[in-house]
Structures are given as structure tokens and as C-alpha cells.
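Overview (structure and organization)
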Amino acid sequence: MNLKNFAKKLRLEVLHMTHLGKSSHIGSILSIIDIIAVLYGKILKINPKTIRNKNRNRFILSKGHAGAAVYAALSALGFFPHKKLLTHCKNNSTLSGHISHIKNPGIEFSTGSLGHGLSVASGFAYAGKLKREKTKIFVLLSDGECNEGSTWEAAMFSGFHKLNNLIAIIDYNKLQSLTTTTKTLDLEPFKKKWESFGWKCLNLDGNNIDQLEKRLTKILKSNEQKPSCIIANTTKGSGVSFMENKVLWHYRSPNKDELREAIKEINNER
Ligand SMILES: Cc1ncc(C[n+]2csc(CCOP(=O)(O)OP(=O)(O)O)c2C)c(N)n1
């Protein structure tokens, strides 16, 4: 699969979905599109036929408000029909704005209340080790969730138990709902914090498909006896210049003109 084309397709899908559903968080969703494209297009190796296999890789989107990105990826992989995507955030749709596993095959765990994903992923990883399963557990967190104690409790647990089947990716877009991460509760020195909790940690550009693919592939092949953390430096709203790094686009959805403008930009530049 061409991952850059996949990311472009996902960007177009989520813009349509948030426009039609008049839903929020398009900035948060665009921020993780390249990560989601690499995970679902290359790394996770899941499909509708193998999704119940006990040795499947598992992915938890801890920042559940960006669920549209995962729904779009799953639909592209054949987990549900494309027309279902167009019901996103509408009455009676199972595709709620905050990601839900209910009646949505391929989703491992519902989230939306921030700060729980790493704990759940750590539990999956611990259970996988006890049962000697080959499964790898991936979890994608927001930087805002790293302001929460539950995240650091899970980090301590996973470091202590040397859960080397656990890979956490932090979407470090440096914006929260109202202002910057620095002004809210600064996370730096961020990498050192993860390392001091017993994790192998690296920084990369989280909107660079080649870097993501290379580093994730390397982690999967490594014999490291620690959990891995990727600090993915991203841009909130990535790919649509008038949405990039703007707190406004945390809650707003694109109107008809904004949608047209965004599509034009993505089709020309990506
Ligand atoms: C426990 C909890 N508190 C508050 C919220 C409301 N909320 C939704 S997104 C958000 C913060 C967004 O910033 P960040 O977590 O860094 O994610 P980003 O949107 O930048 O990806 C908040 C406070 C929530 N979903 N869960």
C-alpha cells in the first residue's frame, strides 16, 4: 500500500465526515492521520478475517475524540461499508465522535474520557506476556493525557514489568483544547521522564510517513526488554494550512466553503 496516498485519502474522509456530522475535533484528528495511516496501512497487519485471532496486534486510541481517523482507516480496510462513514456523529449512528467498539468491528476499546488508554494497553500487554501470546499492543495518547496521573501510573507499571510488547505513541502537537501544552502544564523534559520510568523513548516527526514507518518497523524487530515510547512531534490540523496550530479548530467543524478549500489544498499538495 502507498502510505502517503492512504494518508491523503484519510484526510479527505475525515474532513467530509466532520463536515457532514457537524462534529468537533478536526484539528486533533488531522494531527494523527499520518500515524494512523502507517499503523493501519503497514504495521498492525489486521483485517476483518483475522480480527478475532488471539495473536492479533491490538491498537487503542486513547485520545478517543479523534475516532474519525480510525473509523476511516477501518472502512478502507473493509471492516465496514463506506456509506456507514457518512453517518458519523448523526443520530442513531454507531460511529460516535468519541471512539466506540460497540457494533464497530475492529475497534478494541472505547475511549473519550481522557487518561485511560495507557492503563488499558498496559493490562493487555501484561496479559499477553502471561499467556505467552505474540501480540503487540499499540496505544496512541495525546500530550494533554500526559498531564494525568493515571498515565504515569501505567507508565510506571509497564516499565517495572518490562512490557516490551507495548508501544506507546504520543501525539505531541503541543496544543490542548484552549491553549498550549506549555502554558497548561509543561511536559518537558518529556523524553527523560519516559526513560526514567523504564521506557525506551525516541523523538520523531509524527507527520512524516517515512520516519514513522522506519522507526516502527525497527521497534517491531528489536530485542529491547523495555516498553517503547515514540514522542511524535505533530502539527494539530496537519495538512490544512488554515487549521494548522489553531486552537479554534479543536471544536469547530468545516462549513461548505472551508471543506472545499481544505480539499483543494490536500489534492494539490499531498
Ligand atoms: C477526562 C476528560 N476531561 C476532559 C475532556 C474534554 N476534552 C476533550 S479533548 C481535551 C483536550 C485536548 O487536548 P489533548 O488531550 O492534548 O488532545 P489534542 O486534541 O490536542 O489531540 C479535553 C480536555 C475529556 N475528553 N476527558
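Up top is the structure.
On a predicted model such as this, the values are computed, not experimentally measured, just so you know.

Procedures and definitions
Residues numbered from 1 in each chain as written. Predicted model: local features only at pLDDT ≥ 70, side-chain atom pairs only at ≥ 80, totals over all residues. Heavy atoms only, no water. Helix = DSSP H or I, 4+ residues; strand = E, 2+ residues; numbered from the N terminus. Buried < 20%, exposed > 50% of the residue type's maximum accessible area, 1.4 Å probe, protein only. Contact = heavy atoms within 4.5 Å. Areas by Shrake-Rupley, 256 points an atom, 1.4 Å probe, with all protein chains shown as cover. Lys, Arg positive; Asp, Glu negative; His and termini not counted. Charge placed at Lys NZ, Arg CZ, Asp CG, Glu CD. Salt bridge = Lys/Arg side-chain N within 4 Å of Asp/Glu carboxyl O. Expected span 1.5 Å × (residues − 1). Arc of directions from axis to C-beta. Near = heavy atom within 4 Å. Polar contact = N/O pair within 3.5 Å; in protein donor to acceptor, adjacent residues only side chain to side chain. Nonpolar A, V, L, I, M, F, W, Y, C, P; charged D, E, K, R; others polar. Core = buried A, V, L, I, M, F, W, Y, C linked by side-chain atoms within 4.5 Å. Pairing = 2+ DSSP bridges. Axes fitted to C-alpha atoms, helices over the stretch in contact; angles between N-to-C directions.

Within the protein one finds eleven helices and five strands. With respect to the principal axes defined by its C-alpha atoms, the protein has extents near 50 × 45 × 35 Å. Put simply, the protein has 270 residues, and 53% of those count as buried. In the protein, 77% of the contacts between residues at least 6 apart in sequence involve partners at least 24 apart. Counting only carbon and sulfur atoms, one obtains 53% of the accessible surface of the protein, whose full area is about 12200 Å². In the protein, the 41 positive side-chain charges and the 22 negative ones have mean positions that sit 8 Å from each other.

With that settled, the discussion passes to the pattern of salt bridges. For the structure shown, the criterion picks out ten salt bridges. A salt bridge links Glu13 to Lys9, with the nearest nitrogen and oxygen atoms 3.8 Å apart. Linking Glu13 with Lys9, this pair stays in helix 1 (residues 3-20), spanning four residues, or about one helical turn. Note on Glu13: relative accessible area 10%, which makes it buried.

This part is about helix 9 (residues 209-221). The end-to-end C-alpha separation of helix 9 is 18 Å, in line with the 18 Å expected for 13 residues at 1.5 Å each. Restricting attention to buried positions, one finds in helix 9 the residues Ile209, Leu212, Leu216 and Ile219. The buried residues of helix 9 occupy an angular sector of 105° when the element is viewed end-on, so they sit on one face. Among the exposed residues of helix 9, those pointing more than 90 degrees away from its buried face are Lys214, Lys218 and Lys221.

Turning next to the site of the ligand. Close contacts around the ligand come from 16 residues, with Ser28, Lys63, Gly112, Ser142 and Asp143 the closest. The contact in question runs from a nitrogen atom of the ligand to an N or O atom on the backbone of Leu114, over 3.0 Å. Within the complex, 75% of the 580 Å² of free accessible area of the ligand lies under protein. Residue classes in the shell around the ligand are distributed as two nonpolar, ten polar and four charged.

Ranked by size, the top nonpolar core spans 58 residues in total, and within it Ile36, Leu39, Tyr40, Phe59, Val70, Ile169 and Leu216 carry the most contacts. For this core, the element with the most residues is helix 2 (residues 26-43), which contributes twelve residues. Excluding residues that lie within four positions of it along the chain, Ile36 makes contacts with Leu10, Gly41, Phe59, Ala69, Val70, Ala73 and Leu140. Counting residues in hydrophobic clusters, the runner-up holds 24 residues, among them Leu166, Ala168, Tyr172 and Ile231.

For helix 6 (residues 149-160), which comprises twelve residues, the first-to-last C-alpha distance of 17 Å matches the rise-based estimate of 16 Å (1.5 Å per residue) to within 8%. Those residues of helix 6 that sit buried are Thr151, Trp152, Ala154, Ala155, Ser158 and Gly159. Projected onto a plane normal to the axis of helix 6, the buried residues spread over an arc of 160° and lie on a single side. Away from its buried face, by an angle of more than 90 degrees, helix 6 presents the exposed residues Gly149, Glu153, Met156 and Phe160.

Before going further, it helps to examine the sheet that holds strand 4 (residues 200-205). Across a sheet, paired strands are connected by hydrogen bonds in the backbone, their directions being either parallel or antiparallel. Strand order across the open sheet formed by five strands is 1-2-3-5-4, with parallel pairing between neighbours. Strand pairing shows two members of the sheet lacking a second neighbour, strand 1 (58-61) and strand 4, which therefore form its edges. Recorded for the sheet is a direction-independent mean angle of 20° between the axes of neighbouring strands. Across four bridges, strand 1 lies against strand 2 (residues 137-142) in parallel orientation. Following the sheet pairing, Phe59 is matched in strand 2 by Phe138.

Of all seven residues making up strand 3 (residues 166-172), seven are buried, and the element is well covered by its neighbours. Burial along strand 3 is two-sided: Leu166, Ala168, Ile170 and Tyr172 facing one way and Ile167, Ile169 and Asp171 facing the other are all buried. With six bridges joining them, strand 2 and strand 3 adopt parallel strand pairing. Within the sheet, the bridge partner assigned to Ile137 lies in strand 3 and is Leu166. In the sheet, strand 3 pairs with strand 5 (residues 228-233) via six bridges, with the strands oriented parallel. If you follow Ile170 over to strand 5, its bridge partner there is Ile231.

A few words on unusual backbone geometry. Here the bond from Glu188 into Pro189 is cis, since omega is -5°, no more than 30 degrees from zero. Turning to its location among the elements, Pro189 is positioned in the loop between helix 7 (181-185) and helix 8 (190-196). The backbone phi angle of His25 is positive, close to 70°, even though this residue is not glycine. Mapped onto the elements, His25 comes out in the loop between helix 1 and helix 2. For Lys162, which is not glycine, the phi dihedral falls at a positive 50°. You can call Lys162 partly exposed: its relative accessible area is 47%.

Everything listed here is a matter of coordinates, which is why it stays silent on function.
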